[in-house]
Amino acid sequence: MSIALTPFLILAIPFGFYHLYVFLLRLLRPRLPYPPGPRGYPLIGNLFNEASKNVEQHEWARYLKMGKEYNSDVLHINVLGDHTLVLNSAKTANELLEKRSGLYSDRPRKALLHLSSRWNWNFATMLYSNKWRAHRRRFHQDFQAKAISFYHPFILQSTSNFLKKLAPAEYSPLSIPDIEHAELESHVRNYAGSTILRVVYGMSTQEELNDYVQLAHLAAESLNATMNHGSFFVDYLPSLKYMPAWFPGASFKRKANTWAPMVSNLINAPWKGVKSSMVNGTALPCFATNNLEKFNLVSSFDIKNNNLDQGMEEVIKNCSGAAYFGGTDTTLSLIMSSILVLSRHPEVLEKAHEELDRVIGTSRLPQLQDRDKLPYLQAFIKEVERMYPVTPLAVAHRVISDDIYNGYFIPKGILTFLNLSAILHSEELYQDSLKFNPDRFLQNEKTSKLLSPDPEIVAFGFGRRICPGRHFALDSAWSLIACLLATCDITGPSEDAQKISRKPDPVLDYFDGLIVHPKPYKCRIVPRSITALNLMKAGYENRI
Ligand code: HEM
């Protein structure tokens, strides 16, 4: 045999076997069972179970309970022929989403999502295709770990603004009132939104930022409400989308009509702004301008018609929109959970303060370069990500063709939910998993290895769809949390100080949804000293 043929055969033989496997799979199809799950009725499957499910119960908790009931970490649910696969363990996630990622990386065809609001510009919901690949590649170029230091000055600027807004006029700890949830959330949303807007569109004035942060908030409602499969009945019966909006029971359609213009504004308004500022010569360097220049697209602008060259300009515009949307609500959730936890765990606050004072001192703010020197702070953020996952069911994947796993038949088109909460709360992976304990992520001194799997990887999904904004998200959340901790005491609200002995619960204290947020809470945020207050007021001035 010629040596030149060997590499060909090395590729061809597994390829041939794979096709034989798929062929046999089709032959065997009727005989192989679906993975375990609730027994359904002919034709309607588990329709009754799904229709009568307890809406108070979080979807991830329901799947976890179901897994225990059927003693399986893969589950199958069928509603009217619409099949769903649930993966409740890291092992199955790894086997299917990672090792078979070529099969498991599509997204569901969401009737309401696309009907409602043309979210199809968002590559998070795009089908697994060349179009998605082009977007993912462009996004990855600028958001991979080694590229994001370009954005660090913007993160510092937003951190400074956040601290200034929070700083009381004078140092008078006893007279500082509790901070209400709405006020704190608005500061943090502004932080997350303004950072991403500066990064992608170069926006910097408070007026522009306020408008767009509000816009993202309004549009997020529709994505949050529609992304979880089964939130609306039309997910199971797509033909319902043809019902007129006035028809009884068509409330989903009325909602869709309200959401559509909001989502449209979300993508179009900032893009118009960035193009006009480039034409006027007032644009600040950012993801959009860097890429438009890189691909020589500036000369082809037609602002009046908002005429898109259907190629790279559209990709850049869509990626900017995806970052802007993906970066706001998720980062908000992580930071709000971190503050909630700090205010209810004085022992954690004390350890974090001790580390910051020892390593950084009290005369300057921590910076992103200090991160590796602050292992407890790092471990704290990992533990928040583990205990209170921002996206408990990740984002649904769809299987591209028939498959077999552990003797079970996985049909083409099945929706796949990755139960991140089940994985991150798994007793097998994390001892005393429902106890908040950052120490579990401190390195083992002897082996210098982490004792438990790292949520900074797990919490962002598996396979080819893993969150491409994760490095940026972690830098931006770290900066705010580190500076807030360095300068402030964070405790429970004064009037309830005695009552708050219960620690935040991932179910009772959280709303359910695609991106989960803590239910409203109050806390006290008080500068630690006059020096700390001065640091808050000065921010990173002169250093950016
Ligand atoms: C704490 C913050 C964040 C969390 C927990 C988070 C989590 C996730 C998860 C679980 C997915 C789905 C992965 C999968 O399908 O398997 C995802 C996708 C995505 N995230 Fe994030 N994310 C965060 C922040 C961000 C930020 C800051 C950005 C943008 C700068 C971003 C942009 C995206 C995009 C564009 C996708 C879709 C990827 C695709 O479908 O190919 N995310 N994220």
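Since we're looking at a predicted model, the values are computed, not measured. (Residues numbered from 1 in each chain as written. Predicted model: local features only at pLDDT ≥ 70, side-chain atom pairs only at ≥ 80, totals over all residues. Heavy atoms only, no water.)

**Some thoughts on the overall build of the chain**
A tally of helices and strands in the chain yields 18 helices and eight strands. Expressed as a percentage of the 544 residues in the chain, the buried residues total 54%. Considering only contacts within the chain whose residues lie at least 6 apart along the sequence, 75% involve residues at least 24 apart. As displayed, the chain offers around 25000 Å² of accessible surface, 56% of which is attributable to carbon and sulfur atoms. (Helix = DSSP H or I, 4+ residues; strand = E, 2+ residues; numbered from the N terminus. Buried < 20%, exposed > 50% of the residue type's maximum accessible area, 1.4 Å probe, protein only. Contact = heavy atoms within 4.5 Å. Areas by Shrake-Rupley, 256 points an atom, 1.4 Å probe, with all protein chains shown as cover.)

**Points about the state of the cysteines**
Tallied over the entire structure, the rule returns zero disulfides. With no disulfide of its own, Cys286 has Cys319 as its nearest cysteine by sulfur position, at a separation of 13 Å. Overall, the relative accessible area of 0% leaves Cys286 in the buried class. (Disulfide = S-S within 2.5 Å.)

**Some thoughts on the site of the ligand**
As a matter of local geometry, the ligand sits amid 27 residues, with Arg107, Arg136, His397, Arg465 and Cys467 nearest to it. Arg107 is positioned such that a nitrogen or oxygen atom in its side chain is 2.9 Å from an oxygen atom of the ligand. Between Arg465 and the ligand, the recorded distance is 2.8 Å, taken from a side-chain N or O atom to an oxygen atom. When contributions to the shell around the ligand are tallied by element, the ones reaching two or more residues are α6 (130–143) and α12 (312–344). At five residues, the largest contribution of residues to the shell around the ligand is made by α12. Class assignment of the residues belonging to the shell around the ligand gives a composition of 17 nonpolar, seven polar and three charged. (Near = heavy atom within 4 Å. Polar contact = N/O pair within 3.5 Å; in protein donor to acceptor, adjacent residues only side chain to side chain. Nonpolar A, V, L, I, M, F, W, Y, C, P; charged D, E, K, R; others polar.)

**A short note on the coordination of the iron atom of the ligand**
Of the protein atoms, Cys467 (SG) alone serves as a donor to the iron atom of the ligand, at 2.3 Å. Note that Cys467 resides in the loop between α16 (455–458) and α17 (470–487). (Donors = N, O, S within 2.8 Å, 3.2 Å for Na, K, Ca; no water.)

**Brief notes about the packing of helix α8 (residues 181–201) against α17**
Between two packed helices, what matters for the description is the angle formed by their axes and the separation of those axes. Packing of α8 against α17 leaves a shortest axis separation of 11 Å and a crossing angle of 130°. Put simply, α8 runs oblique to α17. The handedness of the crossing between α8 and α17 comes out as right-handed. Contact residues: α8 offers Tyr191, Thr195, Ile196 and Val199, while α17 offers Phe472, Ser476, Ser479 and Leu480. Of the residues in the contact of α8 with α17, the class split is five nonpolar, three polar and no charged. (Axes fitted to C-alpha atoms, helices over the stretch in contact; angles between N-to-C directions. Parallel < 35°, antiparallel > 145°, perpendicular 65-115°, else oblique. Left-handed = near helix turned anticlockwise from the far one by under 90°.)

**Focus: unusual backbone geometry**
Even without a glycine there, the phi angle at Asn296 is positive, about 55°. The residue Asn296 is located in the loop between α11 (287–294) and α12 in this model. In this structure Asn296 comes out as exposed when scored by relative accessible area, which is 64%. Phi at Ala394 takes a positive value of approximately 50°, unusual for a residue other than glycine. With respect to the helices, strands and loops of the structure, Ala394 is situated in the loop between α14 (375–387) and β3 (397–398). Its relative accessible area of 10% is what places Ala394 among the buried residues.

**Considering α8**
With 21 residues, α8 extends 29 Å from end C-alpha to end C-alpha; this agrees with the ideal 30 Å at 1.5 Å per step. In terms of burial, α8 is largely enclosed, as 17 of its 21 residues are buried. The positive-phi residue at the C-terminal boundary of α8 is Gly202, with phi of around 75°. (Expected span 1.5 Å × (residues − 1).)

**Focus on the UniProt feature "binding site: heme" (unreviewed entry) in the chain**
As recorded in UniProt, the feature "binding site: heme" (unreviewed entry) lies at Cys467. Assessed through its relative accessible area of 25%, Cys467 is described here as partly exposed. If near-sequence neighbours (up to four positions away) are discounted, Cys467 is found in contact with Arg136 and Phe460. (UniProt positions renumbered as here; feature names shortened; annotations may be inferred.)

**Digging into the pairing of strand β7 (residues 488–491)**
Side chains Cys488 and Ile490 project from β7 onto a buried face, and the interleaved Asp489 and Thr491 project onto a face without burial. In terms of strand pairing, β7 meets strand β8 (residues 524–527) through four bridges, oriented antiparallel. Bridge assignment links Thr491 to a residue of β8, and that residue is Arg524. (Pairing = 2+ DSSP bridges.)

**Topic: the pattern of salt bridges**
By the definition in use, this model includes 18 salt bridges. Between Arg100 and Asp403 there is a salt bridge, with its nearest N and O atoms 2.8 Å apart. With Arg100 in the loop between α4 (90–98) and α5 (111–117) and Asp403 in strand β4 (residues 403–405), this pair connects stretches of sequence that are 303 residues apart. Look at Arg100 and you get partly exposed, because its relative accessible area is 25%. In this structure Asp403 comes out as buried when scored by relative accessible area, which is 2%. Put simply, Arg189 and Asp329 hold a salt bridge, and the shortest N to O gap is 3.0 Å. In this pair, Arg189 is assigned in helix α8 and Asp329 in helix α12, connecting sequence segments 140 residues apart. In this structure Arg189 comes out as buried when scored by relative accessible area, which is 8%. (Salt bridge = Lys/Arg side-chain N within 4 Å of Asp/Glu carboxyl O.)

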